[in-house]
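For reference, the chains in residue letters:
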Amino acid sequence: MGISRPSRPVLVTTAATAGALLFTTFAPGTATADPTPRPAVREGSPLGADRAAGAPERAAERALGDTGASGLDSGRGRGYPRERKLTVPPENPADKSLKLGLTPYHGIAPKLNALQRVGDRVSVEIAGRSTGGHELYLVTVTAPETAREAARQERMRERIENAPASAAKDKAITSSYKTPVFINNNIHGNEWEGTDAALKLIEKLAKAKDKKSRDLLARHRLYFSVTTNPDGRIAGTRANAGGFDLNRDFITASQPEARAVRRIAIDKQPAVMIDLHGYVNGTLIEPTTPPHGENYEYDLFLKNSYANALGMEAAVNGLGYTEEKDGVLPAVIPFRDQEEGWDDWPPIFTPQYMPFHGAVATHTIEFPMQVNNAAYETQPVAELRRRAAINVDIAGAAMRATLDYTQKHRTSVIADQIEVFRRGATGAEQVPLSEETAPGVPGIGPEDVYTTEFPRAYVIPAGRGQRSATAAARLVDHLLANDVRVERATHGFRLGGRTYAKGSYVVDMHQPKRGLANVMLADGRDISDKVSTMYDISGWSLGRLWGASVDTVRGGGLKGVHARVVHAASDVGHVAPRGDLRLRLRLDDPREVAALNSLLAKGVTARADGKGGAILPSSARGAAKAAAKKHGVAFDATRAKGREALHRTRVAAAVTPGELFALREMGFDVEPVSTAVLNAGFDWRKADALMVSAGLDRAKLNPAAKSALDAFLAGGGGLVGRGAAGAALNADAGLLAAEPVEGNGDANGVVRVSNAGGTITGGAPGHSFVYSPSWFTDLGPGVRVEQRYGTGDPLLSGHWRATEDGSGGPADAAGRASVVSGSAGGADVVLFGTEPLFRAHPKGLFPQVGRALLSVARS
């Protein structure tokens, strides 16, 4: 790659095993990535061969029902401190932190209550509740402020974002704005030690009397999320109670913990943040290897992030831990020390999401001494506590060094944050990365330069140009929740050579957070030729995957567009007024599937229309009005009678946590199953369809369980299978004649597809999502191709290469069947080679699975 960087022990590969990341450390002089493809890294706690997706239903309901971003107090009219007496949870002797000598979740509230009584610097807010129902504590440490001063600080914060050109010239901001710093801890529940380091630092700052500390707190606000994942902290799991890896959820925001951090990003507007993790030996300190996210103002970001990383490295190494004495290797900065394998390309991680809200230095910190997973179970308690103490020490050093950096560079850090927003608001071009534009950063080469050309606007059309009004409303509300500005046209207009109706939504890309708008709505980029391996996903376009039509306007002005700023999408719930006609409900969005399921549960009759929608009798008008209001869906008038009857579908699901969540989002009654669950005895009378993507292997079933499963399938119980596990069960049960072909297991991204129409893919988007893609060949008689990969190169954005032997690449998949269906052995079957429910993210693809389940279910 032409990089001239020092060689030292570096982390270069990751793999997923039962939810843990396994790390390979290479000897000095081998700063290159292992070319062997890695297994897919999926959400939360990926299911083992004998585990069901065990997220409690109440947790899913809580996550789905939490429409508010968080419980944060806006603070308007209040100064600092803001003392709040926290409710102390009952003692929990099963809390996994205790074995490590660390603070259990139930021990945090008493400490914070006590710290609020120490002087006048510490305030605590409830930022929200976890999926498991635990309070999320946000601690603010700063010098006291009157209500008047706090209001002044808020006005300055708003000016920095909303009037950056004038803010850059405002001497009051330069002299007296308190620079916000955010320290995020324990987002992975079994990476504990950041919490304890934060509590120690908060206590030290609360009591400090030295001039440096007084000056720090007079000129900064320090925000600590003490534990962002209390569910996992208590249970000793990476994931939350819903099975989600929260540090993969920041563009989807499916979980309340991610929404709480999103609210912090918007309301507090940190200029600097660090995210505390484990375990990589030596301590890993970002910035990262290429590829770098193309939507960042990366010159400003790298200049600050690299300089802060050097300070953290010196602080960590300066603690005196050594390999010989303690087993601790020197710290590693991936940008400097690695070629590839730990990138900041996807915006799904906390430090990669924060820059879109103005942070100009963000970091993942991985402390070195492993205490989770196998180590937790096998190491002596004394050894675990020794390791945990080292990690707490190292986490504290990273925190203190970050505060030192911000204190020293307070003025320039805020100036750079203002410049991020100014470039967005004015539509300025990005500044390509170089040693001149990022002074102090050595070794910058062409492999580090990633920029994009921002469009002039995006339009989400209304009326005939829109695929689904429900999907459009969902997308608009999601953009607004992320602080992206959206306007709605008050008159029809013409833009970019197209004519749009009144009511169309316009995202003017001359706005402070244009990077976030673009990272969500743009197609993204095929980066397969840039690096050989990626740390996680590489494509995620909401414009292609969330079901709404989104048009890109490349040039020109917006003078002819008359629009007003909106704070919520317009209500699209509607029932056609003609009472003598039947009603048709499109099933193009999860909310529409959920609306149908709610109606079926109430006994409303419905029939399939053969195009992927549902037909209801005119007598269902009252129930339809209630569903339209609750779910935000539209019922059109139709004379069509419909075809086969649709029934409430109960799903036995051997799936990932993200898929379980998506099924429940669509309103299905879901019973998690696995090989172990079936072997223990499962009542198949509780299920109408089976979905399999993980955790169920028919070959490992005992005779009774195998016989019961086969009887269910032979008796008309349908099967929806995804990926290798779904295809294997189909083959082992002797059902659909379709030969699965597995592509490169490391491939992922947004792909072009062509849809056959009909029940499964009628009206579906022309794009899908893949992770470890597969396809089907040698199709037997009666097997229907519901969807194919696009011809040529099907990859729109992401990373998909052939394997070393030249197979498994996009060329092999081109034109092949990606979704197939048919009947065999008494069962209706649908098989997916794509991943339409991945991490509960690609909302516009969910209905393909929802329709499949409705179509295969036994009546």
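Everything that follows concerns the structure shown earlier in this document.
Analysis parameters
Residues numbered from 1 in each chain as written. Predicted model: local features only at pLDDT ≥ 70, side-chain atom pairs only at ≥ 80, totals over all residues. Heavy atoms only, no water. Helix = DSSP H or I, 4+ residues; strand = E, 2+ residues; numbered from the N terminus. Rg over C-alpha atoms; globule rule 2.2 N^0.38 Å. Buried < 20%, exposed > 50% of the residue type's maximum accessible area, 1.4 Å probe, protein only. Contact = heavy atoms within 4.5 Å. Areas by Shrake-Rupley, 256 points an atom, 1.4 Å probe, with all protein chains shown as cover. Lys, Arg positive; Asp, Glu negative; His and termini not counted. Charge placed at Lys NZ, Arg CZ, Asp CG, Glu CD. Pairing = 2+ DSSP bridges. Axes fitted to C-alpha atoms, helices over the stretch in contact; angles between N-to-C directions. 1 Å grid on protein atoms, 1.4 Å probe; cavity = no way out; pocket = protein on both sides within 12 Å on 5 of 7 lines; lining within 4 Å. Points joined across faces, edges and corners; volume = space filled by probe spheres on them. Nonpolar A, V, L, I, M, F, W, Y, C, P; charged D, E, K, R; others polar. Parallel < 35°, antiparallel > 145°, perpendicular 65-115°, else oblique. Left-handed = near helix turned anticlockwise from the far one by under 90°. Phe/Tyr/Trp six-rings, centres within 6.5 Å; stacked < 30°, edge-to-face > 60°. Lys NZ or Arg CZ within 6 Å of the ring centre and 35° of its normal. Polar contact = N/O pair within 3.5 Å; in protein donor to acceptor, adjacent residues only side chain to side chain. Salt bridge = Lys/Arg side-chain N within 4 Å of Asp/Glu carboxyl O.

*Asks:* So what's going on with the overall build of the protein? Which residues, and what values?
*Replies:* Along the backbone of the protein there are 28 helices and 35 strands. Whereas a compact globule of 859 residues would reach a radius of gyration of roughly 29 Å, the protein reaches 27 Å, a difference of no more than 12%. Residues counted as buried form 62% of the 859 residues belonging to the protein. Restricting to contacts in the protein with at least 6 residues of sequence separation, those with at least 24 account for 79%. On the protein, roughly 29700 Å² of surface is accessible, and the fraction owed to carbon and sulfur atoms is 50%. Separation of charge centres in the protein, based on 103 positive and 94 negative side chains, amounts to 7 Å.

*Asks:* Explain the sheet that holds strand β3 (residues 122-129) to me, and be specific about the residues and the numbers.
*Replies:* Across the sheet, which stays open at both edges, the seven strands sit in the order β3-β4-β6-β5-β7-β11-β8 with mixed pairing between neighbours. Edge positions in the sheet fall to β3 and β8 (284-285), since each has one partner strand and no second. Along the sheet, helix α6 (residues 193-207) makes contact with β3, β4 (135-141), β5 (179-185), β6 (220-225), β7 (272-278) and β11 (361-367), crossing β6 at roughly 145°. The strands touched by helix α10 (residues 298-317) are β7, β8 and β11; relative to β11, the strand with the most contacts, the crossing angle is about 35°.

*Asks:* Just give me the short version of the sheet that holds strand β20 (residues 582-585), but keep the residues and values in it.
*Replies:* The strand order across the open sheet built from five strands is β19-β23-β20-β22-β21, with neighbouring strands paired in mixed fashion. Across the chains shown, the open sheet's two edge strands, defined by having one partner strand only, are β19 (574-575) and β21 (607-608). For β21 and strand β22 (residues 614-616), the ladder comprises two bridges, and the chain directions are antiparallel. Residue pairing in the sheet places A608 in a bridge with A614 of β22. The strands touched by helix α20 (residues 590-601) are β20, β22 and β23 (634-638); relative to β20, the strand with the most contacts, the crossing angle is about 135°.

*Asks:* Can you tell me about unusual backbone geometry, naming the residues and giving the values?
*Replies:* Here N281 and G282 are connected by a cis peptide whose omega angle stands at 5°. Its place among the elements puts G282 in the loop between β7 and β8. The peptide bond linking P290 to P291 adopts the cis configuration, its omega dihedral lying at 0°. With respect to the helices and strands, P291 occurs in strand β9 (residues 289-292). For N186, which is not glycine, the phi dihedral falls at a positive 65°. One can find N186 in the loop between β5 and α6. The class for N186 is buried, based on a relative accessible area of 0%. The phi angle at D483 is positive, at roughly 70°, despite the residue not being glycine. Relative to the assigned elements, D483 resides in the loop between α17 (469-481) and β13 (487-489). Accessibility expressed as a relative area gives 22% for D483, which makes it partly exposed.

*Asks:* Describe empty space enclosed by the protein, with residues and values.
*Replies:* For the structure on display, the rule yields twelve cavities of 30 Å³ or more. Estimates place the volume of the largest cavity at around 140 Å³. Residue lining of the largest cavity: 16 residues in total, with N295, Y296, E297, P355 and V420 positioned closest to the centre. Breaking the lining of the largest cavity down by element, the ones donating at least two residues are α16 (410-426) and α18 (514-521). Residues belonging to the lining of the largest cavity are distributed by class as follows: ten nonpolar, three polar and three charged.

*Asks:* Let's hear about the packing of helix α2 (residues 105-116) against α6: which residues, and what values?
*Replies:* With their axes 11 Å apart at the nearest point, α2 and α6 run at an angle of 15° to one another. The orientation of α2 with respect to α6, classified from their angle, is roughly parallel. Of the two elements, α2 crosses α6, and the hand of that crossing is left-handed. Contacts between α2 and α6 involve I108, K111, L112 and L115 from the first element and T195, L199, I202 and E203 from the second. Of the residues in the contact of α2 with α6, the class split is five nonpolar, one polar and two charged.

*Asks:* Talk me through the packing of aromatic side chains; I want residue IDs and the actual numbers.
*Replies:* This structure, assessed with the given rule, holds 21 aromatic pairs. The ring of Y376 carries the charged tip of K99 above its face, separated from the ring centre by 4.4 Å.

*Asks:* Kindly report on the packing of α10 against α16, identifying the contributing residues and their values.
*Replies:* Where α10 contacts α16, the two axes come as close as 10 Å, and the packing angle between them is 160°. One finds that α10 runs roughly antiparallel with respect to α16. Where α10 crosses over α16, the two elements pack in a sense that is left-handed. Residues D299, L300, K303 and N304 of α10 lie in contact with α16, whose contacting residues are V413, D416, E419, V420 and R423. Class assignment of the residues belonging to the contact of α10 with α16 gives a composition of three nonpolar, one polar and five charged.

*Asks:* Before we move on, could you go through the pairing of β23 and cite the residues and values that matter?
*Replies:* Note: β19 against β23, two bridges, orientation parallel. Pairing of V575 across the sheet is with F635, part of β23. Here β20 runs beside β23; their pairing, made up of four bridges, is antiparallel. Bridging from a neighbouring strand, L583 pairs with A637 of β23.

*Asks:* Tell me what's going on with α18, and back it up with residues and numbers.
*Replies:* Every α-helix winds through 3.6 residues per turn, so residues three or four apart in the chain are directed the same way. Among the eight residues that make up α18, eight are buried, leaving the element largely enclosed by the rest of the structure. Within the sequence span of α18, burial applies to R514, G515, L516, A517, N518, V519, M520 and L521. For α18, the secondary structure elements touched by its buried residues are α13 (350-353), α16, β12 (457-460), α17, β16 (505-508) and α19 (542-545).

*Asks:* Before we move on, could you go through the environment of D669 and cite the residues and values that matter?
*Replies:* Counting through the fold element by element, D669 comes out in strand β25 (residues 669-672). Note on D669: relative accessible area 33%, which makes it partly exposed. Linking D669 and H188, residues 481 residues apart in sequence, is a C-alpha distance of 29 Å. Residue contacts for D669: discarding those within four places in its chain leaves R648, T649, R650 and V651. In terms of polar contacts, D669 uses its side chain to reach the side chain of R648, at 3.1 Å.

*Asks:* Help me get a handle on the pattern of salt bridges, residues and values and all.
*Replies:* Across all of its chains, the model carries 49 salt bridges by this definition. The salt bridge partner of R157 is E154, with a shortest N-O separation of 3.0 Å. Placement of both R157 and E154 in helix α3 (residues 147-162) is noted, with a separation of three residues, approximately one turn of the helix. On the basis of relative accessibility, which here comes to 10%, the residue R157 falls in the buried class. Ionic pairing is found between E659 and R722, a salt bridge with its closest N-O pair at 2.4 Å. On the criterion of sequence distance, the pair formed by E659 in helix α22 (residues 657-665) and R722 in strand β27 (residues 718-722) is long-range, its members being 63 residues apart.

*Asks:* Help me get a handle on the pairing of β6, residues and values and all.
*Replies:* Side-chain direction in a regular strand flips from residue to residue, so the side chains alternate between the two faces of the sheet. For β6, the tally of buried residues reaches six of six residues, placing the bulk of the element in the interior. Neither face of β6 is open: one carries H220, L222 and F224, the other R221, Y223 and S225, and all of them are buried. Relative to β6, β5 runs parallel, the two being bridged by six bridges. Counterpart to T179 in the pairing with β6 is H220.

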